[in-house]
Amino acid sequence: MIEVVASRSVAFFGLAFGAQTVPVALGQRGYADNTWFVTIGACLFGGLVLAVIASIVKRFVRAANVFVLVVFLLALVSWPLGVLGDGWPPIDRPWLWFLITVATAAAAIALPVWLATFYLLLAPVLYGIIRASASGGSVHPGLVAFDVIYAVILGGAVLIIVTLLRGAAATVDAAQATALSRYVDAVREHATEVERVQVDSIVHDSVLTTLLSAAKAQEPESKAMAARMANDAIGHLQTEASTPAVDSGDVKVSDLAERISLAASTLSSHIDVRGGNVGDAEVSAPAAEALYSASLQAMVNSLQHAGAGDGVVHWVRVGNTNGNGVLIEVGDTGRGFSFEDVPVERLGLRVSIIDRVSNAGGAVDIDSVEGEGTAIRLIWPAPTPERRLHAAALLGDAS
């Protein structure tokens, strides 16, 4: 984009200067050979028009500007051959003088910085040499030096502006490329982490449970059950490895609640399934699967760690959050725990519940007091702090 802006600015700037030079050139036509004047004039002004067209169509921009700067150099070199009589009148500044900055600006667009800088010095100095010669009017060296310095300063300003703009554009492009590369790396790392969490969840939910059951099995029936669990775990791992994740649409919260209720009824101890207002709320299929698996793991954890005794009550409740989400609470009146005291190697809470729900776009609230009980709330989608308070209020009203 910066190249387009710079090339168009220089092209229209050159065309405007060229148009202002036409009256001067026509007024000085009698000082030069007609063939030289027409040829050089046609090539120079035609090149300026070509530069404008090239900048508009965004093609052959460098070639058009190279043509302009080369023709200008040829005009200076052939100056002595094009002047009639004894030389140029010293009182009149030649019309080519007004196009020096146009040529150096074209060099800034078409050439590398070092070569454009060389041209910036070459064109004014060459003009000064010719202007100080007899064919150029034998102008006083002081006046010639003034013209040369002025042309170098003006052309240098254009070159500096174009170079700074290009440098800024290159910096922005490099920063954008770096940001894009980091984003791709972050996405890749996130995908790897999600996959790791899924595998860890599968290992904990299926394989680790199977190993624990096998280790405790003493009776033939228990060993046979452990063997069946092992076969099921292997099959589950193979299925997860070979089946891609497919988003099959939305799932009604009522269907999710029924599925969780059915799972609770199959566990070893009683879990009280408490009703909640689910309405017509729906969740995405991946989120529903994550919420179901996390709920099941939370119920298993509650039965395993809340403590035994008739006084311990376990429950699960499914509801919605203000009609557009789902809220699941798994709780008990058992011994409670401190999240900071849970060992890192224990994956049930961190991986199978928290990470699983978070990766599905939800959030997990843990409310546990040692000696009083635990309530784990799964909320989807992840709410703002205000919606978290609203969700807690809904559960409080339902109880």
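This write-up is about the structure you can find in this document.

A contiguous nonpolar patch, built from Phe12, Leu15, Val49, Leu50, Ile53, Ile56, Val57 and Phe67 and spanning about 690 Å² of accessible area, is present on the exposed surface. Breaking the nonpolar patch down by element, the ones donating at least two residues are helix 1 (2-27) and helix 2 (34-57). It is helix 2 that provides the largest number of residues to the nonpolar patch, a total of five residues. With respect to the element layout, Phe12 can be found in helix 1. Judged by its relative accessible area of 43%, Phe12 is partly exposed.

Under the 1.5 Å per step criterion, the end-to-end length of helix 2 is 34 Å for 24 residues, consistent within 8% with the ideal 34 Å. Among the residues of helix 2, those classed as buried are Trp36, Phe37, Ile40, Gly41, Leu44, Gly47, Leu48, Ala51, Val52, Ala54 and Ser55. At the N-terminal end of helix 2, a side-chain oxygen is found 3.1 Å from the backbone nitrogen of Thr35, two or three residues along, and the residue is Asp33. Among the residues trailing helix 2, Lys58 stands out with phi positive, at a value near 60°.

One can describe the packing of helix 1 onto helix 5 (residues 100-110) by two numbers: an axis separation of 10 Å at closest approach and a directional angle of 165°. As far as their axial angle goes, helix 5 and helix 1 are roughly antiparallel. Here helix 1 runs over helix 5; the crossing is left-handed. Here Ala6, Ser7, Val10, Phe13, Gly14 and Phe17 of helix 1 come into contact with helix 5, specifically with Thr101, Val102, Ala105, Ala106 and Ile109. Tallied by class, the residues present in the contact of helix 1 with helix 5 amount to eight nonpolar, three polar and no charged.

Looking now at the pattern of salt bridges. Note on pairing: side chains with opposite charge can pair once their charged atoms come close. Considering all chains together, one arrives at six salt bridges under this definition. Of the charged contacts, one joins Arg317 and Glu329 as a salt bridge, the two residues approaching to 2.8 Å between their closest N and O atoms. Of this pair, Arg317 sits in strand 4 (residues 314-319) while Glu329 sits in strand 5 (residues 326-332); the two residues are 12 residues apart in sequence, bridging distant segments of the chain. Of the two residues, Arg317 and Glu329, both sit in the buried class. Of the charged contacts in the structure, one is a salt bridge between Glu329 and Arg377, with a shortest N-O distance of 3.0 Å.

This next bit is on the nonpolar core. By size, the foremost hydrophobic cluster in this structure holds 49 residues, and its most contacted members are Leu44, Phe72, Trp95, Leu96 and Tyr119. Of all the elements in the fold, those that place two or more residues in this core are helix 1, helix 2, helix 3 (61-77), helix 5, helix 6 (113-132) and helix 7 (141-216). Other than its neighbours up to four places away in sequence, Tyr119 contacts Leu69, Phe72, Leu73, Ala103, Thr104, Ala107, Leu111 and Pro124. Formed by 30 residues, the second largest nonpolar core is a distinct cluster that contains Ala257, Val283, Ala287 and Leu378.

Counting buried residues in strand 5 gives seven out of seven residues, a clear majority hidden from the surface. On strand 5, burial covers both faces: Val326, Ile328, Val330 and Asp332 on one face and Leu327, Glu329 and Gly331 on the other are all buried. Sheet topology note: the strand 4/strand 5 ladder contains six bridges and is antiparallel. Along strand 5, the bridge assignment pairs Val318 with Ile328. In the sheet, strand 5 pairs with strand 7 (residues 373-380) via seven bridges, with the strands oriented antiparallel. Bridging across to strand 7, Gly331 finds its partner in Ala375.

About the cut-offs
Residues numbered from 1 in each chain as written. Predicted model: local features only at pLDDT ≥ 70, side-chain atom pairs only at ≥ 80, totals over all residues. Heavy atoms only, no water. Patch = residues over 30% accessible without salt bridge, like charges linked within 9 Å, V, L, I, M, F, W, Y side chains within 5 Å. Areas by Shrake-Rupley, 256 points an atom, 1.4 Å probe, with all protein chains shown as cover. Salt bridge = Lys/Arg side-chain N within 4 Å of Asp/Glu carboxyl O. Helix = DSSP H or I, 4+ residues; strand = E, 2+ residues; numbered from the N terminus. Buried < 20%, exposed > 50% of the residue type's maximum accessible area, 1.4 Å probe, protein only. Expected span 1.5 Å × (residues − 1). Polar contact = N/O pair within 3.5 Å; in protein donor to acceptor, adjacent residues only side chain to side chain. Axes fitted to C-alpha atoms, helices over the stretch in contact; angles between N-to-C directions. Parallel < 35°, antiparallel > 145°, perpendicular 65-115°, else oblique. Left-handed = near helix turned anticlockwise from the far one by under 90°. Contact = heavy atoms within 4.5 Å. Nonpolar A, V, L, I, M, F, W, Y, C, P; charged D, E, K, R; others polar. Core = buried A, V, L, I, M, F, W, Y, C linked by side-chain atoms within 4.5 Å. Pairing = 2+ DSSP bridges.

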